[in-house]
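Residue-level structure breakdown
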Number of protein chains: 2
Amino acid sequence: MQLPPKDSREKARKLLLGLQDEICSGLETIDGAGKFQEESWDRPEGGGGRSRVLQEGTVLEQGGVNFSEVHGAELPPSILNQRPEAKGHPWFATGTSMVLHPRNPYIPTVHLNYRYFEAGPVWWFGGGADLTPFYPYLQDAQHFHQTHKEACDSINSDFHKVFKPWCDEYFYLKHRKESRGIGGIFYDYQDGSGKLYKGQNTGGNAEKISKEIGEKKLSWEELFSLAKACGKAFLPSYEPIVKKRKDSKYSDNERHFQLYRRGRYVEFNLVWDRGTIFGLQTNGRTESILMSLPPLARWEYGYQAPKGSREELLTDLFTKPQDWLNDSNLEKICEKHQAIN
Amino acid sequence: MQLPPKDSREKARKLLLGLQDEICSGLETIDGAGKFQEESWDRPEGGGGRSRVLQEGTVLEQGGVNFSEVHGAELPPSILNQRPEAKGHPWFATGTSMVLHPRNPYIPTVHLNYRYFEAGPVWWFGGGADLTPFYPYLQDAQHFHQTHKEACDSINSDFHKVFKPWCDEYFYLKHRKESRGIGGIFYDYQDGSGKLYKGQNTGGNAEKISKEIGEKKLSWEELFSLAKACGKAFLPSYEPIVKKRKDSKYSDNERHFQLYRRGRYVEFNLVWDRGTIFGLQTNGRTESILMSLPPLARWEYGYQAPKGSREELLTDLFTKPQDWLNDSNLEKICEKHQAIN
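Quick look at the structure, then. (Residues numbered from 1 in each chain as written. Chains lettered and ligands numbered in written order. Predicted model: local features only at pLDDT ≥ 70, side-chain atom pairs only at ≥ 80, totals over all residues. Heavy atoms only, no water.)

A few points about the relation of the copies chain A and chain B
For the pair chain A and chain B, the relating rotation is 180 degrees, the translation along its axis is 0.0 Å, and the fit reaches an RMSD of 0.0 Å. When the rotation and shift are considered jointly, the pair of chain copies conforms to a two-fold rotation axis. The residues that chain A uses at the interface reappear at the interface of chain B in 100% of cases, marking a shared surface. (Least-squares fit on C-alpha atoms with pLDDT ≥ 70 in both. Contact = heavy atoms within 4.5 Å.)

Some details on the pairing of strand S9 (residues 183–190) of chain A
All names here are of chain A. Of all the eight residues making up S9, eight are buried; the element is thus mostly covered by neighbouring parts of the structure. Two elements, strand S6 (residues 122–132) and S9, share six bridges in a ladder whose sense is antiparallel. Bridge pairing links Phe-125 to Gln-190 in S9. (Buried < 20%, exposed > 50% of the residue type's maximum accessible area, 1.4 Å probe, protein only. Helix = DSSP H or I, 4+ residues; strand = E, 2+ residues; numbered from the N terminus. Pairing = 2+ DSSP bridges.)

A word on the pattern of salt bridges
Residue and element names in this part refer to chain A. Overall, the coordinates contain 66 salt bridges over all chains when judged by the stated rule. Across the salt bridge formed by Glu-22 and Lys-232, the nearest N and O atoms sit 2.7 Å from each other. Placement of the pair is Glu-22 in helix H1 (residues 8–31) and Lys-232 in helix H6 (residues 220–245), with a sequence separation of 210 residues. Take Lys-232: its relative accessible area is 46%, and that puts it in the partly exposed class. With a shortest N-O distance of 3.5 Å, Arg-103 and Glu-56 are connected by a salt bridge. Taken together, the residues Arg-103 in the loop between strand S4 (91–102) and strand S5 (109–119) and Glu-56 in the loop between strand S2 (47–55) and strand S3 (60–72) connect sequence positions 47 residues apart. Classification of Arg-103 by relative accessible area gives partly exposed; the value is 24%. Counted as one network, the salt bridges with shared partners bring together Asp-21, Glu-38, Arg-50 and Arg-52. (Salt bridge = Lys/Arg side-chain N within 4 Å of Asp/Glu carboxyl O.)

Quick notes on the interface of chain A and chain B
In this assembly, 34 residues from chain A lie in contact with 34 residues from chain B. Taken together, both faces of the contact between chain A and chain B bury some 2,800 Å²; the carbon and sulfur share is 58%. Looking only at chain A, the three residues that lose the most surface to chain B are Glu287(A), Trp299(A) and Tyr301(A), adding up to 30% of its buried area. Our enumeration of links across chain A and chain B arrives at two salt bridges. Breaking the side of chain A that touches chain B down by element, the ones donating at least two residues are S2, helix H7 (252–272), helix H8 (274–281), helix H9 (286–289) and strand S10 (296–298) of chain A. Element by element, the count of residues in the side of chain A that touches chain B is highest for H7(A), at six residues. The class makeup of the residues in the side of chain A that touches chain B is 17 nonpolar, nine polar and eight charged. (Buried area = accessible area lost by both parts, 1.4 Å probe. Nonpolar A, V, L, I, M, F, W, Y, C, P; charged D, E, K, R; others polar.)

As for the nonpolar core
Within the largest apolar cluster, 170 residues are counted, with the highest numbers of intra-cluster contacts made by Leu27(A) and Leu27(B). Residues within four places of Leu27(A) in sequence aside, it is in contact with Phe36(A), Leu60(A), Val65(A), Met98(A), Leu100(A) and Leu235(A). (Core = buried A, V, L, I, M, F, W, Y, C linked by side-chain atoms within 4.5 Å.)

Remarks on the environment of Ser78(A)
Among the secondary structure elements, Ser78(A) is positioned in helix H2 (residues 77–80). In the structure, Ser78(A) is positioned 126 residues away from Gly204(A) in sequence and 21 Å away in space, judged by C-alpha atoms.

Some words on the packing of aromatic side chains
Residue and element names in this part refer to chain A. This structure, assessed with the given rule, holds 50 aromatic pairs over all chains. Measuring from centroid to centroid gives 6.0 Å for Tyr-170 and Phe-268, while their planes differ by 70 degrees, and the two rings are edge-to-face. On the criterion of sequence distance, the pair formed by Tyr-170 in helix H4 (residues 159–170) and Phe-268 in helix H7 is long-range, its members being 98 residues apart. Assessed through its relative accessible area of 0%, Phe-268 is described here as buried. Connected via pairs of aromatic rings, a cluster forms that spans Tyr-114, Phe-159, Phe-163, Trp-166, Tyr-170, Phe-171, Phe-186, Tyr-187, Tyr-197 and Phe-268. The lysine or arginine in question, Arg-83, covers the ring of Trp-124, its NZ or CZ lying 6.0 Å from the ring centre. Directly above the ring of Tyr-137 sits Arg-245, whose terminal nitrogen or CZ lies 3.6 Å from the centroid. (Phe/Tyr/Trp six-rings, centres within 6.5 Å; stacked < 30°, edge-to-face > 60°. Lys NZ or Arg CZ within 6 Å of the ring centre and 35° of its normal.)

Right under this line is the structure:
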């Protein structure tokens, strides 16, 4: 494995702090009224962070964008399992993560996270972004995927083939047999050696496609550029959707369904998201970690979307992995339900 | 270990079905308007259940009372760790569980669960009940504890000494350094042999007190009677509190705080409750398991209860383990805040 550049930590920090700034500034412009409040914090075991939250905005009911930079003596077992070479070494990790809960049910919830790790002889990048709509619009899904595909392709044309299905497989609620939303991209443990897919051996599409692609040699700089390109792609991937939907009229019915689906977001984050669970179980900063939870959520025993409704289309089509950019059947189905744009 | 009676499963089933009936009937009377809707279901791997839910009642915003009776070829590792003698044997489990989410913020949320297991040469009882108030009233906490203490004492005067702290230790949100509520009783793996405390070796009070008590020989019948006595204690432990609080006037402010605290209930159930997590990760009936989640919940970044408020008293005193029945300091503190009755 290639050694990282001497100023690797400095470069990663600068990139991720800049990403937080850029996103917050962009979101304040989109929102028009809401402002991010900042809190800096120290981690007693080493490092700290800069949490920013926007509450009760015009467009955003809540938005959280966190930067953190932490270090310690040895990585926890859950990560060492995947990176045994890091055992016995001090580690460094930095990341920027974001979850937005818009008020209008026609605007999707969205999540982003980019991070960089070093531990003794090993280093790796991870990250991604995924979109969770409450009402189905094919063009919104396509735009989000297309923007992230172009960002990936600008560095290496093999990335998106693996990172798109990896996202579908990661943001999956097994207990509901549902995806969290329409996906996006997700990658982890990228150190420039071996195969692109470095998740668990589940025999899924990400693993299969990665095998077909075979070994990929990538430099630190290429993976740094990937994080940069994808991070920069976020605002262009999301802003047009917000602009298109933010003035759509909605009634209690749509709000009701939004809050119900937000319950699923809570379920994913607390039951399945490794980052959240790991943070909570290892004395992370609870308020920053749980900034991802929605300001209001609802559960309803035995809820079934009415036959033929948009809520049913969302549940049937938009919470299952789809080939959003290439499957022409999607257009036919969405057309019937006036769910194109 | 003593062999269970020949009709052990039949006796346990009858007790727990009867408990479901008794509780539902009592709750319908208390509510006055809401009725439980029943759904029976089969588990493909063996067994099934009877789920009952009351939605949008007068007193209860939501109440779920589930009975289930399931069996399988081998227990999952998480339980086998605690009961290695069960390895390689088919198992049988039956239980009744309940969570109530009242509408009025002055009425506490409450949970109950009693269960019985058999697996080859081993059998055991488990269960308990715990109360989660949103507004602090010392007498409500004392009444709930006193009623459950008397039920335990009616079988064996050592039970409550161990099961009360065990409850405090189980219903604990480590990531918040908070108890879920004011506790009650909790016990598990009771097979009449060895020490009363059979949880993890955490060096907590339940373990310490159990050590002081020493080995306890108990018959199947005594442990069956314990489940019966505690199950029967539920309505008398809760009904007087509901009657006292149900007509209390409240404003958006109290409702707001109730929804915020319900967020903690969600966090406990999805992050820490072994039963919930185990059920979700092993293909349990999701809708029945998640009937424990509140119909509406709220999260707010960085919320702090106002100085000197009842919300602060709830947070400081009523989400920390207390000796509700014996600590005379509690009365002095609660008196100052008019939080006695």
